[in-house]
Amino acid sequence: MKNGMAECAVCHSKLVSPTVKTISRAYDRHRSKISSKQRALNVFLVVGDCMLVGLQPVLVFMSKVDGKFKFSPVSVNFLTEATKVVFAIIMLLIQARHQKVGEKPLLSISTFVQAARNNVLLAVPALLYAINNYLKFIMQLYFNPATVKMLSNLKVLVIAVLLKFIMKRRFSIIQWEALALLLIGISINQLRSLPEGTTSLALPVTTIAYIYTLIFVTVPSMASVFNEYALKSQYDTSIYLQNLFLYGYGAIFNFLAILGIAVFKGPGSLDIFEGHSKATMLLIINNAAQGILSSFFFKYADTILKKYSSTVATIFTGIASALLFGHTLTVNFLLGISVVFISMHQFFSPLSKVKDDQQNGTLELIDVRENHSSKDSSFVNMAAGANEEASHRVGPDERQPLLPR
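Counting restarts for each chain, with residues numbered from 1 along the sequence as it is written. With the structure being a predicted model, the display of local features is reserved for residues of pLDDT at least 70 and the display and counting of side-chain atom pairs for 80 or more, all residues being used for whole-chain, interface and lining totals. To obtain the side-chain values, all non-hydrogen atoms of the structure were used and water was disregarded.

**Student:** Quick question: what am I supposed to make of the overall build of the protein here?
**Tutor:** Each helix and strand in the protein was counted, giving 16 helices and four strands. Within the span of the protein, comprising 405 residues, buried residues form 51% of the whole. By definition in these notes, contact holds between two residues if any of their heavy atoms fall within 4.5 Å. Restricting to contacts in the protein with at least 6 residues of sequence separation, those with at least 24 account for 84%. Carbon and sulfur atoms provide 65% of the accessible area of the protein, an area that totals close to 19,800 Å². Segments assigned H or I by DSSP are reported as helices when at least four residues long, segments assigned E as strands when at least two residues long, and all are numbered from the N terminus. Relative accessibility under 20% of the residue-type maximum defines a buried residue, over 50% an exposed one, and the middle range a partly exposed one, all with a 1.4 Å probe and only protein chains included. For every accessible area listed, the method is Shrake-Rupley and the probe measures 1.4 Å; residues are considered covered only by the protein chains on display.

**Student:** Is there a simple way to think about the packing of helix α5 (residues 123-139) against helix α10 (residues 239-265) in this case?
**Tutor:** Angle between the axes and distance between the axes are the two parameters that describe a pair of packed helices. Note on definitions: angles span 0 to 180 degrees between N-to-C directions of axes, and those axes are lines fitted to C-alpha atoms, for helices only across the stretch in contact. The geometry of α5 relative to α10 is characterised by a closest axis approach of 8 Å and an angle of 45 degrees between their N-to-C directions. When the axes of α5 and α10 are compared, the pair comes out oblique. Where α5 crosses over α10, the handedness of that crossing is right-handed. In this structure, α5 uses Ala-123, Pro-125, Ala-126, Leu-127 and Ala-130 to contact α10, whose residues at the interface are Leu-246, Tyr-249, Gly-250, Phe-253 and Asn-254. Looking at the contact of α5 with α10, its residues break down into eight nonpolar, two polar and no charged. Any angle from 65 to 115 degrees is called roughly perpendicular, while one under 35 is roughly parallel, one over 145 is roughly antiparallel, and all others are oblique. Whether a crossing is left-handed or right-handed is set by the direction in which the near helix is turned from the far one by less than a right angle, anticlockwise for left-handed and clockwise for right-handed. As a working rule, the residues Ala, Val, Leu, Ile, Met, Phe, Trp, Tyr, Cys and Pro are called nonpolar, Asp, Glu, Lys and Arg charged, and the rest polar, with Gly in that last group.

**Student:** Explain the side chain of Glu-228 here, please?
**Tutor:** With respect to the element layout, Glu-228 can be found in helix α9 (residues 205-233). Not counting residues within four places of it along the chain, the set of residues in contact with Glu-228 comprises Leu-163, Met-167, Arg-169, Phe-298, Asp-302 and Thr-303.

**Student:** What should I look at first to understand the confidence of the model for the protein in this one?
**Tutor:** If pLDDT is low for a region, its predicted coordinates should not be looked at in detail. For the protein, per-residue confidence averages 75 on the pLDDT scale, and 70% of positions sit at 70 or higher. One confidence number per residue, pLDDT, is output by the predictor and ranges from 0 to 100. The secondary structure element of the protein with the lowest average pLDDT is helix α15 (residues 380-386), at 39, and the one with the highest is helix α3 (residues 73-97), at 93. Counting interchain partners and residues more than four positions distant, the pLDDT-below-50 stretch residues 193-204 has 17 contacts. Within the model, the stretch residues 357-405 combines pLDDT values under 50 with 95 contacts to residues more than four positions away or in other chains.

**Student:** Where do I start with the packing of aromatic side chains in this structure?
**Tutor:** Two aromatic rings, taken as a pair, are described by how far apart their centres are and by the angle between their planes. Any two of the Phe, Tyr and Trp rings considered here, Trp counted by its six-membered ring, make a pair once their centres fall within 6.5 Å; the pair's planes then place it as stacked at under 30 degrees, edge-to-face at over 60, or tilted in between. Summed over the entire model, instances satisfying the criterion amount to eight aromatic pairs. On the numbers, 6.1 Å between centres and 45 degrees between planes, the contact of Phe-171 with Phe-347 is tilted. Taken together, the residues Phe-171 in the loop between α7 (155-166) and α8 (173-190) and Phe-347 in helix α13 (residues 331-348) connect sequence positions 176 residues apart. Here the two residues Phe-171 and Phe-347 agree in accessibility, since each one is buried. Taken together, a centroid distance of 6.2 Å and an interplanar angle of 70 degrees make the contact between Tyr-235 and Tyr-300 edge-to-face.

Have a look at this one:
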């Protein structure tokens, strides 16, 4: 950006630097004109996410012995982040080998340092994810796998609210109604799902469960929105380089948690492989793959799509837990799933799309006297790329690739 003006990454025309609201409107127009390549990517992301997310609660349940975990959940989270760091490094090396002549080298110290400074915001979702990953294990002590998956779907509404206020994302009335239907579907499934009894704290299990549920819903919702904001705000940065920072921060936070546990429980708790089994190893691989896939959701697709795809995984989780552990698929569960599917269809229906205020399909001009912060200006390339079909007449060969080459 120079003198309040920004250059489009597609046609190099000069535009007044857009605000977050402008970017949101550009994204709305982009979503209404999805190319076949991006549609195929979305299908791949949704199918992969359904399999991984649906399998995760089942693996967590299989990891329990006599209803308890023999290993430290933090150790699983640390090993998961370490696995993702290794994957990011390998993919970054492969991407660097296929760079074209004249491109800025990915592995140079200057590129790494500059990218680290620009992507420091990724530390926020990394910390929130570290908290959430621990909560996933705690939730399994109070709910069966299918119920945990249904409860996690409450995040969709929280994410929608955060997207509206943080990223100025717009939703139509029909889409808000679809989110309300989602809550109704979850509520139907939750009838008579909380176990009875008390804890060692002499508090009702339901009270503790509701407290964990509140944290379990809000923390990952904030993490998802901040993650999408951070990834898309530095859209030109390699996703593997961004993942390296994100997973690196996550590994650091989980390692600090391990050290904190060692202070209270003694040096013996530093053995991160203690109590692990084949089920936990599969869980680590599954969590790592799920986290990697999520980064592509947040950068190239949409957070709402990510959470709705996780909702579909509820069916897989419910059927798998019924076959493997004998959990009953109640009428409430089946009715709740039906309402959730109706909600999904309504939310993503073409009739529910937000109508653009401007009919000419161009980026709106804003007052040059507005405060042009660096965070707003960092969205310029992302907006131009996402809005290229709506704002510019370019040929198919000029469009930016969906995935980094």
